[in-house]
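Coordinates in review
In case you want the letters, here they are:
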Amino acid sequence: MTAVLNSLGLETLEELYYHDDPHAAKEEKKKLKKKDIVDAISDKIDTYAIEVFIASLPLAQLKTVAEKAKVPFKEEDNKNSRSVLSRRLTEQVVSAGFDEFLETVDADTLKAVAEDFDVKADKKAIAEAARTFAAERYFGNFDVESLRALAEELKLKQAAKTSSKRKLVEAIVTQEDAEPVEAPKKKKQKTDVGKKKALEKGITYDEIFQHYYVEELRDFVKSKGIKVSGKKPVLIKRILAYLAGETEGIMAGDKTEKAKKKKKATTKKAAAAKKGAASTSAKGKGKKEENGNGDE
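Bear in mind that the values here come from a model prediction, so they are computed numbers and not experimental data.

Conventions adopted
- Residues numbered from 1 in each chain as written.
- Predicted model: local features only at pLDDT ≥ 70, side-chain atom pairs only at ≥ 80, totals over all residues.
- Heavy atoms only, no water.
- Helix = DSSP H or I, 4+ residues; strand = E, 2+ residues; numbered from the N terminus.
- Buried < 20%, exposed > 50% of the residue type's maximum accessible area, 1.4 Å probe, protein only.
- Contact = heavy atoms within 4.5 Å.
- Areas by Shrake-Rupley, 256 points an atom, 1.4 Å probe, with all protein chains shown as cover.
- Axes fitted to C-alpha atoms, helices over the stretch in contact; angles between N-to-C directions.
- Parallel < 35°, antiparallel > 145°, perpendicular 65-115°, else oblique.
- Left-handed = near helix turned anticlockwise from the far one by under 90°.
- Nonpolar A, V, L, I, M, F, W, Y, C, P; charged D, E, K, R; others polar.
- Salt bridge = Lys/Arg side-chain N within 4 Å of Asp/Glu carboxyl O.

Secondary structure assignment for the protein chain yields 15 helices and zero strands. Taking all 296 residues of the protein chain together, 37% fall into the buried category. Across the protein chain, every contact between residues at least 6 apart in sequence was considered, and the portion connecting residues at least 24 apart equals 47%. Carbon and sulfur atoms make up 51% of the accessible area of the protein chain, which totals about 18600 Å².

Listed below in C-alpha cells is the structure:
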C-alpha cells in the first residue's frame, strides 16, 4: 500500500491524513512532509491489519497467542474476555510491529488464519492478505466522491466513473481498473461508531467491525441467502455489497463467471465426445452389417 500512497500528491495525502479531524490541520505547528504522512497512514492500515488478524482467531487460540506474546494486562482486566484480550494484544503488536509479531506465531495458528484468508500458510502471504483487508477498511471510510477523485489521480479511469463504493475501494487497493457500475444514490449520514447500528444501508465497515460479532454476521448473511463462508472481513464486505444492492458473486449458490465458463466448456467437450462415440459406433455397426451381407 505504501507504493500507492507514495504515488499520490501531498495535497491528496493531507486530505486523507486529516479526514478524521479536519481541524487538526490548522493546529499543526509545521507542515508535515510527504514521508511523514505516508508513514502515518501506513501505520494506521497496519493497525487495522493487526485487528483483522486478531479478529480471525478463535478465543482459545487468542488466549494462547496473548500468553506467548507476554501481553501485559491491567489488574482490572478480565483475561477471559475476548474484547480485553484483543485490545491488549493489539496494543502489544502495534508496539512490536506486525511482521515481527508474525514471526512469533506458531504454525497451527498461522495455518488456521491462512485457511480463513484463503492464502498459503506463509507469513508473507498472511500479512499481505491482512493488509489488503485493512486497506479496504481504511478507504471504505471515505465517501464516493473522495474515492472517485483518488481513483482519477491513480489513473484508474474506469473506476473513477463508477458510483459503487465497493468497486472504487477494490480498484484503489488492488490498483486494477474496474468497469463503471452505477449504485443507488445514498444520502449522506454522519458516522457514529460509538453506537451499535442496524445492518442496513448507510452503515460503514468500521461500525460493523467494531460492534458485531462473527456469529451475528453469519446469522445475518444466512437469513439473506448470502454466502456464509469466510471470516469477519469477508463477511463484512459481502454485507456492505448486499446493502448497496450489489449481489453478484456473493449469494449462496452463486458461481463465478470462470466456473460457469469451465462448466460450459466441460459440457460442450462431453457432448462432442458423446457425439464422436456415437458416430464411431454407427460406423462400426454399418461395417458389421456390410460384412454380414457379404457373407450371405
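Moving on, we come to the environment of I37. Note that I37 resides in helix α4 (residues 34-55). Judged by relative accessible area, which is 0%, I37 ranks as buried. Spatially, the C-alpha atom of I37 lies 9.6 Å from that of N6, the residues being 31 residues apart in sequence. For I37, the contacting residues outside a window of four places in its chain are L10, L13, E14, Y17 and L32.

Moving on, we get to the packing of helix α13 (residues 214-224) against helix α14 (residues 232-243). At their nearest, the axes of α13 and α14 sit 10 Å apart, and the two run at 40° to each other. Taken together, the axes of α13 and α14 lie oblique to each other. For the element pair α13 and α14, the recorded crossing hand is left-handed. Within the contact between the two elements, α13 uses V214, L217, R218, F220, V221 and K224 and α14 uses K232, L235, I236, I239, Y242 and L243.

Okay, the packing of helix α5 (residues 59-68) against helix α6 (residues 82-96) next. Two quantities define a packed helix pair, namely the angle between the axes and the distance from one axis to the other. Relative orientation of the contacting elements α5 and α6 amounts to 35°, with a least axis distance of 10 Å. In this structure, α5 meets α6 at a crossing whose hand is left-handed. The segment α5 lies against α6, with L59, L62, K63, V65 and A66 engaging R82, L85, S86 and L89. Across the contact of α5 with α6, the residue classes break down as six nonpolar, one polar and two charged.

Moving on: the pattern of salt bridges. The full count for this structure, using the stated rule, is twelve salt bridges. R137 is paired through a salt bridge with E51; the nearest N and O atoms lie 2.6 Å apart. Taken together, the residues R137 in helix α9 (residues 123-139) and E51 in helix α4 connect sequence positions 86 residues apart. The partner of E216 in a salt bridge is K196, and the shortest N-O contact between them spans 2.7 Å. Pair noted here: E216 is in helix α13 and K196 is in the loop between α11 (165-174) and α12 (205-211), with a separation of 20 residues, a long-range link. A single salt-bridge network, built from bridges that share partners, covers D46, D99 and R131.

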